[in-house]
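Analysis of the macromolecular model
One-letter residues, chain by chain:
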Amino acid sequence: ESYNLNKEDFLNCLDSMKNESKKTLLLVYFTGYAYFKDEFNFYLCMTDFEEEKEESSAIHFNELSEKINKLNCLHCLIILDCFFSGDVHPIRSY
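Rules used in this analysis
Residues numbered from 1 in each chain as written. Predicted model: local features only at pLDDT ≥ 70, side-chain atom pairs only at ≥ 80, totals over all residues. Heavy atoms only, no water. Core = buried A, V, L, I, M, F, W, Y, C linked by side-chain atoms within 4.5 Å. Buried < 20%, exposed > 50% of the residue type's maximum accessible area, 1.4 Å probe, protein only. Helix = DSSP H or I, 4+ residues; strand = E, 2+ residues; numbered from the N terminus. Contact = heavy atoms within 4.5 Å. Patch = residues over 30% accessible without salt bridge, like charges linked within 9 Å, V, L, I, M, F, W, Y side chains within 5 Å. Areas by Shrake-Rupley, 256 points an atom, 1.4 Å probe, with all protein chains shown as cover. Salt bridge = Lys/Arg side-chain N within 4 Å of Asp/Glu carboxyl O. Pairing = 2+ DSSP bridges. Arc of directions from axis to C-beta. Polar contact = N/O pair within 3.5 Å; in protein donor to acceptor, adjacent residues only side chain to side chain. pLDDT = per-residue confidence, 0-100. Axes fitted to C-alpha atoms, helices over the stretch in contact; angles between N-to-C directions.

**What to know about the nonpolar core**
- Counting residues in each nonpolar core, the largest one holds 20 residues, and the members touching the most others are Phe10, Leu14, Leu26, Leu44 and Leu64.
- Elements supplying a minimum of two residues to this core: helix 1 (7–15), strand 1 (25–32), strand 3 (41–45), helix 3 (61–69) and strand 5 (75–82).
- Contacts of Phe10, omitting those with residues within four sequence positions, involve Leu5, Val28, Met46, Ile59 and Leu64.

**Some points on a nonpolar patch on the surface**
- Among the surface-exposed residues, Leu27, Tyr29, Leu77 and Ile79 lie close enough to one another that they form a single nonpolar patch of about 380 Å² accessible area.
- Tracing the chain through its elements places Leu77 in strand 5.
- Of the residues examined, Leu77 reaches a relative accessible area of 46% and is grouped as partly exposed.

**What about the pairing of strand 3?**
- Buried residues dominate strand 3, accounting for 4 of its 5 residues.
- Looking at chain direction, strand 2 (residues 34–38) and strand 3 are connected through 4 bridges and run antiparallel. Across the sheet, Phe36 pairs through a bridge with Phe42, a residue of strand 3.
- The turn linking strand 2 back onto strand 3 is made up of 2 residues.

**Quick notes on helix 1**
- For helix 1, every residue scored as buried is listed here: Lys7, Phe10, Leu11 and Leu14. Looking straight down helix 1, one finds that the buried residues subtend no more than 95° of arc, so they occupy a single side.
- For helix 1, the secondary structure elements touched by its buried residues are strand 1, helix 2 (54–57), strand 4 (58–60) and helix 3.
- A distance of 3.3 Å separates the backbone nitrogen of Glu8 from a side-chain oxygen at the start of helix 1, and that oxygen is part of Asn6.

**Quick word on the confidence of the model for the protein chain**
- When the pLDDT values of the protein chain are averaged, the result is 82; 87% of them are 70 or greater.
- Across the protein chain, the secondary-structure element scoring lowest on mean pLDDT is strand 2, at 82, and the one scoring highest is strand 4, at 92.

**Examining the sheet that holds strand 4**
- The 3 strands are arranged 2-3-4 in an open sheet whose pairing can be described as antiparallel. The strands lining the two open edges of the sheet, one partner per strand, are strand 2 and strand 4. Taking the axes of each pair of neighbouring strands and ignoring which way they run, one obtains an average angle of 25° across the sheet.
- Bridge count between strand 3 and strand 4: 3 bridges; the pairing is antiparallel. Along strand 4, the bridge assignment pairs Cys45 with Ala58.
- Each of strand 3 and strand 4 is contacted by helix 3, which is oriented at about 70° to strand 4, the strand it contacts most.

The structure is reproduced here in structure tokens:
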């Protein structure tokens, strides 16, 4: 499905995957704007993004990584179609 979500809705969508089968392939395709604060702070900007409120309106890539690593998926593919995506370091390889 295609969504245009704020941070809370996006994270809730990921949480809904917790009970999926171990054979599940998760595809996360993000297209939009990213905010690259510095070498260690890369954010995916949600629909309600405000730079002054980055913690509540954007998803830090580490937060996304932690959520996905807790899921019961066999494989996960993250596609980032946004500014600065080439500067993101891989979560981990399987």
